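Coordinate analysis (summary)
Residues per chain are reported as follows:
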Amino acid sequence: MSALLRHVPGLLIGAMLGTLIAVGGSVLANREQANDINQIIPFKELRAFTEVFHRIKSNYVEDVEDSVLLENAIKGMLSGLDPHSNYLDSDAFMELQTSTTGEFGGLGIEVGMEDGFVKVIAPIDDTPAQRAGVKAGDMIIRLDDTPVKGMTLMDAVKVMRGKPGTKILLTIVRETEDKPMKIEIVRDIIQVKSVKSRTLDKGYGYVRVSHFQAHTGEDLEKALKELKKENKGSLDGLVLDLRNNPGGVLNAAVDVSDAFLNKGLIVYTEGRVEDSSFTFKAQLGDLIDGAPIVVLVNGGSASASEIVAGALQDHKRAVIMGNKTFGKGSVQTILPMNNNAALKLTTARYYTPTGRSIQAEGINPDIELSHVEIAKVQQNSDEGLKEADLVGHLSNDKTAEEKAAEAKKQAEDLAAEDYALHEALNLLKGLNIIEGRRS
């Protein structure tokens, strides 16, 4: 082994020797000590590592810097753990810090790795990727002319990032398509507005959370205040849309859950070390005063989205509607390093208030919806003239029938625009009718 160790940089050798000394001086003092050392230091694997290092340095077609080989070894060590642990160099670390504040450069997609390809977890709302038609579940197999197979996730992300205004061609495989698709996207500065809201119908609000960022909780509170102001100070029901929300900051998920709960556990985490185990509880103050909630989810709802859906489901505070969620029930901790890089390391699993682990399981909706699209039927043009069609007809106040017809048209438009949202609104109205009869 000593011959091979000459080819390993001094830092690594020093670390190994330091470990040997720390274990206890005379390593061969007795058989028991030797066995203990063999259990602590994986000599067989270190021999294999140093041999591989030596063979690359001696035989690879080009000369490779020691620092490059060791950094790649670190990346490989982390990528072999799970899909969410990785090594962040200084640039990637800076990008991660930027993304949690809501502004970063790129295409606007949350991605992961699957079978060596880049998988789209979810496109972010109002970004070039979403406008170009990229969908959750898409597998990216080429970036311009470069195959993705063999790239690390960070390498692929670096290629997709670039100056605003420049173009990239994605080759995508989609389950519903017979052959790969090519989608050209123009890069832009991605400014993610994590919370959007509007009134769906009198008394019924809609809040869309596209990503969980540092200020998402505050933005949600502002949105709910505006909705209540628009609806004479209170809401009869709320649709909370978490579809294609890939997650984000854990504390933001806790804040969003807490906005609708008065007490009780929201989420807890368990890891190997004490610092990775946390418990989060709700504080008094339901911002919509107990009004019914429908939470929309789908296969693109992951991580922090699943924390919110799981907490509200376990507390029976909301009806979960849609499709089974992604199933990412692990917590990643960012561990800064002295070289301005960082480790993104999975340190814990999180659990819903009733003790359910979402990891690889996801949240099952209370009401499952099929993927349905409503198309408007072409109206028959031979319906004949009506008084309202005549030029110069006398105006009249709207009758109850006309108001009902207008409401029906609005409902049909919503169903055609977003069937799941239409069903969620109908459910909220139904819940209020049932509650009113009980009262």
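What counts, and at which threshold
- Residues numbered from 1 in each chain as written.
- Predicted model: local features only at pLDDT ≥ 70, side-chain atom pairs only at ≥ 80, totals over all residues.
- Heavy atoms only, no water.
- Helix = DSSP H or I, 4+ residues; strand = E, 2+ residues; numbered from the N terminus.
- Polar contact = N/O pair within 3.5 Å; in protein donor to acceptor, adjacent residues only side chain to side chain.
- Patch = residues over 30% accessible without salt bridge, like charges linked within 9 Å, V, L, I, M, F, W, Y side chains within 5 Å.
- Areas by Shrake-Rupley, 256 points an atom, 1.4 Å probe, with all protein chains shown as cover.
- Salt bridge = Lys/Arg side-chain N within 4 Å of Asp/Glu carboxyl O.
- Buried < 20%, exposed > 50% of the residue type's maximum accessible area, 1.4 Å probe, protein only.
- pLDDT = per-residue confidence, 0-100.
- Contact = heavy atoms within 4.5 Å.
- Axes fitted to C-alpha atoms, helices over the stretch in contact; angles between N-to-C directions.
- Parallel < 35°, antiparallel > 145°, perpendicular 65-115°, else oblique.
- Left-handed = near helix turned anticlockwise from the far one by under 90°.
- Nonpolar A, V, L, I, M, F, W, Y, C, P; charged D, E, K, R; others polar.

Mapping Thr50 onto the fold places it in helix α4 (residues 43–59). Among the polar contacts made by the side chain of Thr50, one reaches the main-chain carbonyl oxygen of Arg47 at a distance of 2.9 Å.

All right, on to a nonpolar patch on the surface then. A surface patch of nonpolar side chains, about 400 Å² in accessible area, is lined by Val52, Ile56, Tyr60 and Val61. Tracing the backbone through its elements, the reader meets Tyr60 in the loop between α4 and α5 (66–79). For Tyr60, a relative accessible area of 49% puts it in the partly exposed group.

Per-residue pLDDT for the protein chain has a mean of 85; in total, 79% of the residues score no lower than 70. Confidence drops under pLDDT 50 across residues 1–29; counting only partners more than four residues distant or on other chains, this segment forms 33 contacts.

In contact at an axis separation of 9 Å, helix α10 (residues 250–258) and helix α11 (residues 304–314) are set at 30° when each is read in the N-to-C sense. Between α10 and α11, the angle is such that the two are roughly parallel. As α10 packs across α11, the resulting crossing turns out to be right-handed. Contact residues: α10 offers Leu250, Ala253, Val256 and Ser257, while α11 offers Ala304, Ile307, Val308, Ala311 and Leu312. Looking at the contact of α10 with α11, its residues break down into eight nonpolar, one polar and no charged.

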